[in-house]
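Fold and geometry: a report
Read off the chains here:
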Amino acid sequence: NQLREFHPIFRGILQILIPIVLMLTSIHLILATALYWIPIEYRKSKFPADPYGFTVKDRIYWSAVDINYLINNTGIEYFDDYHLPDGKPMHVQRELSHMDDVKTLIVASRWAWGIGIVLIGLLLTLMGQLSSPADVGMVLRRGVRNTLVLMGILIIGLIVGFNVVFVGFHRIFFYGDTWIFHNYDTFIRLYPQLLWQDCFILLVLASSGLAGLIEWIGRRMMKPTIIVDE
């Protein structure tokens, strides 16, 4: 079987794809549940108050406007109907540009996520035909190991220098300094640094939890099958 020659390649690709897909899964879970966990963030006693007047109720309302934009199919004109109590637009043009960039990134990541899942399914199917379930289980567990290593690096980065991680992320995925705002901009008032720190922690927890599930599946597949003769 000529496909057997590609077996090591399939194994290597899977070990890279699994951490990526688990992280993307976590990111989209965090976004899909943001309407539930962000209000909890705002109600924390240690969460910084808005020096410009947003109450907890205000923050919950306006953040929901942003979240709904990111998870629906409307364009940036969605924000035309939203103005702050003083009559000013909810977001200035710089913020709107960033929201548009964020949504573009989310759509691209959704495509990457779907393609990654399909590739993993295809490669696991091929490996299942070319080797034993134990071999497939070993590949899954190595993918889990790589995921946990990645999460460990992220945790160290968050502890040693959150700003480095945060700025690095934005410099990689966004052009120029379009993601930098004033303290009085709605963006900063709704999403101070503590919220982003907790968001990264959620990413680590969700990815590690999913990795634990894959680890369990991998272990089950590596258990020897006992055949009882009748």
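Everything below is about the structure printed above this text.
Residue numbers restart at each chain and count upward from 1, following the sequence in its written direction. Given that the model is predicted, a residue must reach a pLDDT of at least 70 before its local features are reported, and side-chain atom pairs must reach 80 or more before they are shown or counted; all residues, however, enter totals for whole chains, interfaces and linings. Think of the side-chain values as coming from all heavy atoms in the structure, minus any hydrogens and water.

**Quick look at the layout of surface pockets**
Picture a little ball the size of a water molecule; that probe, rolled over the atoms, points out where space is still empty. As a reminder, the rule being used: Detection works on a 1 Å grid of protein atoms alone, calling trapped sets that fit a 1.4 Å probe cavities and calling open sets with protein on both sides within 12 Å along at least five of seven lines pockets, with lining residues defined by an atom within 4 Å of a point. Grid points are joined across faces, edges and corners, and a volume is the space filled by probe spheres set on the points. Here a strand is any run of E in DSSP of at least two residues, a helix any run of H or I of at least four, and the numbering for each starts at the N terminus.
Empty space within the largest pocket amounts to approximately 1500 Å³. The wall of the largest pocket is formed by 46 residues, among which Phe169, His170, Trp196, Cys199 and Phe200 lie closest to the centre. Every element with two or more residues in the lining of the largest pocket is listed here: α1 (7–32), α2 (34–42), α3 (56–71), α4 (93–130), α5 (133–173), α6 (186–190) and α7 (193–222). By residue number, the principal contributor to the lining of the largest pocket is α5, which donates 13 residues.

**Points about the packing of aromatic side chains**
Where two aromatic rings form a pair, the distance of their centres and the angle of their planes describe that pair. Put simply, the rule is: The rule is short: rings of Phe, Tyr and Trp, with Trp giving its six-membered ring, pair when the centres are within 6.5 Å, and they are stacked under 30 degrees, edge-to-face over 60, tilted in between. Only protein chains enter the accessibility calculation, which uses a 1.4 Å probe. A residue is then buried if its area is under 20% of the maximum for its type, exposed if over 50%, and partly exposed in between. Note on geometry: a ring has a charge over it if NZ (lysine) or CZ (arginine) is within 6 Å of the ring centre and within 35 degrees of the ring normal.
With the rule as written, the count across this model stands at 14 aromatic pairs. Seen from their ring centres, Tyr69 and Tyr78 are 5.7 Å apart, and the 35° between their planes marks the pair as tilted. Taking 6.3 Å as the distance between ring centres and 70° as the angle between the ring planes, the aromatic pair formed by Phe169 and Phe174 counts as edge-to-face. According to the relative accessible area criterion, Phe169 is partly exposed, its value standing at 32%. Phe174 gets classed as buried once you look at its relative accessible area, which sits at 8%. Lying over the aromatic face of Phe54, Arg189 brings its terminal NZ or CZ to 3.7 Å of the ring centre.

**Remarks on the pattern of salt bridges**
Let me state the cut-off plainly: We define a salt bridge as a contact between a side-chain nitrogen of Lys or Arg and a carboxyl oxygen of Asp or Glu at a distance within 4 Å.
Applying the stated criterion to the full structure yields 7 salt bridges. Note that Asp177 is salt-bridged to Arg94, the shortest N-O span being 3.4 Å. Linking Asp177 in the loop between α5 and α6 with Arg94 in helix α4, this pair joins segments that are 83 residues apart in sequence. You can call Asp177 partly exposed: its relative accessible area is 42%. The class of Arg94 is partly exposed, set by a relative accessible area of 36%. Each of the salt bridges in this network shares a partner with another, and the network as a whole consists of Glu41, Lys44 and Asp198.

**Side note on the side chain of His28**
Stated formally: Whether two residues touch is decided by their heavy atoms; if any such pair falls within 4.5 Å, the residues are in contact.
The residue His28 is located in helix α1 in this model. For His28, a relative accessible area of 10% corresponds to the buried category. Residues within four places of His28 in sequence aside, it is in contact with Ile106, Ser109, Arg110 and Trp113.

**Some thoughts on the nonpolar core**
One broad rule of soluble globular proteins: the nonpolar side chains tend to lie buried together. Our working definition: Throughout this description, the term nonpolar core refers to a set of buried Ala, Val, Leu, Ile, Met, Phe, Trp, Tyr and Cys residues connected via side-chain atoms within 4.5 Å.
Core analysis: the largest hydrophobic core is formed by 38 residues, its most contacted members being Ile38, Tyr42, Trp62, Leu70, Phe79, Leu190 and Phe200. Put simply, the parts of the chain that give this core at least two residues each are α1, α2, α3, α4, α5, α6 and α7. A per-element tally of this core places α7 first, with 6 residues. With residues up to four places along the chain from it excluded, the contact list for Leu190 reads Tyr42, Phe54, Arg59, Trp62, Ser63, Asp66, Met90 and Leu195.

**Some remarks on a nonpolar patch on the surface**
As a reminder, the rule being used: Nonpolar side chains (Val, Leu, Ile, Met, Phe, Trp, Tyr) within 5 Å and like charges within 9 Å form the patches, drawn only from residues with over 30% relative accessible area and no salt bridge. Only the protein chains shown count as covering a residue, and every accessible area follows the Shrake-Rupley method with a 1.4 Å probe.
On the surface, Val107, Trp111, Ile115, Leu119 and Leu122 cluster together into a nonpolar patch covering about 500 Å² of accessible area. Assignment of secondary structure puts Leu122 in helix α4. Residue Leu122 is classed as partly exposed on the basis of its relative accessible area of 48%.

**Some words on the environment of Ile180**
With respect to the helices, strands and loops of the structure, Ile180 is situated in the loop between α5 and α6. Overall, the relative accessible area of 39% leaves Ile180 in the partly exposed class.

Honestly, it's all geometry; don't read function into it.
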